[in-house]
Amino acid sequence: MLKHNYRDIGVTCKKIYREDGKIRLKSINEKYDDLVYPAQDVRVIGKVITQKKKP
């Protein structure tokens, strides 16, 4: 997962997929559609790192 910024519109947390010169950003929440942008227009500003605790 990553945090991204698109043309200073806002910051979101999505999964990233690179596809033929484009970037597809997929929300963890199924009620939101994927976002697709030209790769040169997307700036990754961080990534989310998680660690699951063992029960």
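Refer to the structure presented above.
For the structure given in this document, a descriptive report is provided here. Every value quoted in this text rests on a predicted model; they were computed, and no experiment measured them.

## Description of the pattern of salt bridges
Taken as a whole and judged by the stated rule, the model has three salt bridges. Two residues, Arg24 and Asp34, come together in a salt bridge whose shortest N-O distance is 2.8 Å. Remark: Asp34 occurs in the loop between strand S3 (22-26) and strand S4 (35-38) and Arg24 occurs in strand S3; sequence separation between them is ten residues. A relative accessible area of 33% places Asp34 in the partly exposed class.

## A closer look at the environment of Val42
One can find Val42 in strand S5 (residues 42-47). Overall, the relative accessible area of 16% leaves Val42 in the buried class. Between the C-alpha atom of Val42 and that of Lys22, which follows or precedes it by 20 residues, the distance is 9.1 Å.

Scoring rules and cut-offs
- Residues numbered from 1 in each chain as written.
- Predicted model: local features only at pLDDT ≥ 70, side-chain atom pairs only at ≥ 80, totals over all residues.
- Heavy atoms only, no water.
- Salt bridge = Lys/Arg side-chain N within 4 Å of Asp/Glu carboxyl O.
- Helix = DSSP H or I, 4+ residues; strand = E, 2+ residues; numbered from the N terminus.
- Buried < 20%, exposed > 50% of the residue type's maximum accessible area, 1.4 Å probe, protein only.

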